[in-house]
Amino acid sequence: MKRPFLLRYLLRYLLLYALLNALLSGCASTSSQPAAELAALFDDATFPAPAAPADAANLFTLSAPMRAHLDSPAFKASLREKGAARGLVSALYSKSDLQLDYDASVTRTAAQTYAARSGNCLSLVIMTAAFARALGMEVRFASVQAEETWHRNGSLYLVSSHVNIALAPRTAGVHTVSTHAEPLVIDFLAPKDAARLPSTELGEDDIVALYMNNRAVEELVAGRIADAYWWARAAILKRPSSLAAYNTLAVVYARNGRPPMAERVYRAALAREPDSLVVMQNLAQALDGNGKHDEAQALLRRIERLHPAPPYHWFNQGMTAYRAGKMRDAKKLFAREVARAPYNDEFHFWLGVAYLGLGEEEAAVKELALARDTSTRIDARERYAAKLG
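Predicted model only: the values in this text are computed from it and were never measured. (Residues numbered from 1 in each chain as written. Predicted model: local features only at pLDDT ≥ 70, side-chain atom pairs only at ≥ 80, totals over all residues. Heavy atoms only, no water.)

(A) Focus on the confidence of the model for the protein. The pLDDT averaged across the protein works out to 80; a share of 77% of its residues lies at or above 70. For the protein, strand β1 (residues 12–19) is the element with the lowest average pLDDT, namely 32, and helix α8 (residues 225–238) is the one with the highest, namely 96. Below a pLDDT of 50 lies the segment residues 1–32, which in the model reaches 161 contacts outside its immediate sequence neighbourhood of four places, other chains included. Counting interchain partners and residues more than four positions distant, the pLDDT-below-50 stretch residues 170–181 has 26 contacts. (pLDDT = per-residue confidence, 0-100. Helix = DSSP H or I, 4+ residues; strand = E, 2+ residues; numbered from the N terminus. Contact = heavy atoms within 4.5 Å.)

Below you can see the structure in the form of structure tokens.
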């Protein structure tokens, strides 16, 4: 199934930030970390060499088929008719051309995304930038300061953050977020009122670090702990202010049976963002596992004061009610999570299940359809579509 929002141009990437309770979310700091302090976070001797080098040397490199696409008559016609920026986007994402499918489970290089005709939002950002640069356009990346959306993959939680890409020459059109001689800003699944939300410019090193962290997370989910370590390490070295990479590295240590190292890295992350919910949750878990129960409890009390209803709070209560057969209570609690996280397919799915339990079939079908349409994974979309019949 093709995602209808591909033509809405929202560039949203999913970054996996937490183990059991959450993975880190937060804006990157601009400060750099001293080399000695960084070195203290790594333990290379513990992990065997990666199966393939953890680098991004060819991240934006165009393949021969991509260059042939640039020279195709249809592509050139699109540029002539619509201008460089809008013509590029139309050529890449129209239903009649590449027919790209969205899959949040894989982060690819520009060439891999083109070959697979599939990738997550960061992959689409990278591929779009590669084509734009080949056409001589200026490319700018930005992080949009929108409210984050949480998702879950088994026992791992995911956080959706938002980045976009701006292409010059300056163009104004129906798909631009800002007009009046501004560059064309391309967004996929843009958050509500995106044009008025503040944003922070990102450099290429930020995008590379995001790619490396995503690769680390994907290796972690696949159970390839050593490869995850080397990708997370590379992300930190590329961008020492990348809080997400610190958190991924800490999760790697936790999964590898190295709780003291996990605690050390979580503390380094928390020093950068002292009020981060997910970092505090992760550190509290690490402290408890390391026998520092009093410190863990103190941190949990601070979390409760600062975040009385964290992500999945009402959902977890709803699941308790559902298992107890209290469908009306479950419906109300699932609906509360849907209201604050409308792009979370899991919340829509369980709200639909609760409606079914109450015999409200029309509402159930609506929620199951929303679960299908908001899912960012191909396998989940197929599952929801099967349930819809």
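(B) Spatial organisation of the environment of aspartate 227. With respect to the element layout, aspartate 227 can be found in helix α8. Taking the C-alpha atoms as reference points, aspartate 227 and proline 53, separated by 174 residues in sequence, lie 9.0 Å from one another. In contact with aspartate 227, other than residues within four places in its own chain, are Pro50, Ala51 and Glu219.

(C) Main features of the packing of aromatic side chains. Taken as a whole, this structure holds 13 aromatic pairs when the rule is applied. Judged by centre distance (5.3 Å) and plane angle (70 degrees), the ring pair of tyrosine 322 and tryptophan 350 falls under edge-to-face. Pair noted here: tyrosine 322 is in helix α13 (residues 313–323) and tryptophan 350 is in helix α15 (residues 345–357), with a separation of 28 residues, a long-range link. The partly exposed category is assigned to tyrosine 322, whose relative accessible area is 24%. Each residue in the set Phe47, Tyr229, Trp230 and Tyr253 is aromatic and connected to the rest through ring pairs, giving one cluster. Looking at arginine 117, its charged tip hangs above the ring of tyrosine 114, at a distance of 4.3 Å from the centre. Its end group placed over the ring of phenylalanine 42, arginine 233 keeps NZ or CZ at 5.0 Å from the ring centre. (Phe/Tyr/Trp six-rings, centres within 6.5 Å; stacked < 30°, edge-to-face > 60°. Buried < 20%, exposed > 50% of the residue type's maximum accessible area, 1.4 Å probe, protein only. Lys NZ or Arg CZ within 6 Å of the ring centre and 35° of its normal.)

(D) Geometry of the nonpolar core. One finds Phe60, Leu88, Met127, Phe131, Phe141, Leu167 and Leu249 to be the most contacted residues of the largest nonpolar core, which totals 83 residues. When residues no more than four places from it in sequence are discounted, the contact partners of leucine 167 are Ala85, Leu88, Val89, Thr128, Ala132, Met137, Glu138, Val139, Pro183, Leu184 and Ile186. (Core = buried A, V, L, I, M, F, W, Y, C linked by side-chain atoms within 4.5 Å.)

(E) View of the packing of α13 against α15. Between α13 and α15, the least distance of the axes is 12 Å, while the angle of their chain directions is 25 degrees. When the axis of α13 is compared with that of α15, the two are roughly parallel. For the pair α13 and α15, the crossing hand works out as left-handed. Contacts between α13 and α15 pair Phe315, Met319 and Tyr322 from the former with Glu346, Phe347, Trp350 and Val353 from the latter. Partitioned by chemical class, the residues of the contact of α13 with α15 number 6 nonpolar, no polar and 1 charged. (Axes fitted to C-alpha atoms, helices over the stretch in contact; angles between N-to-C directions. Parallel < 35°, antiparallel > 145°, perpendicular 65-115°, else oblique. Left-handed = near helix turned anticlockwise from the far one by under 90°. Nonpolar A, V, L, I, M, F, W, Y, C, P; charged D, E, K, R; others polar.)

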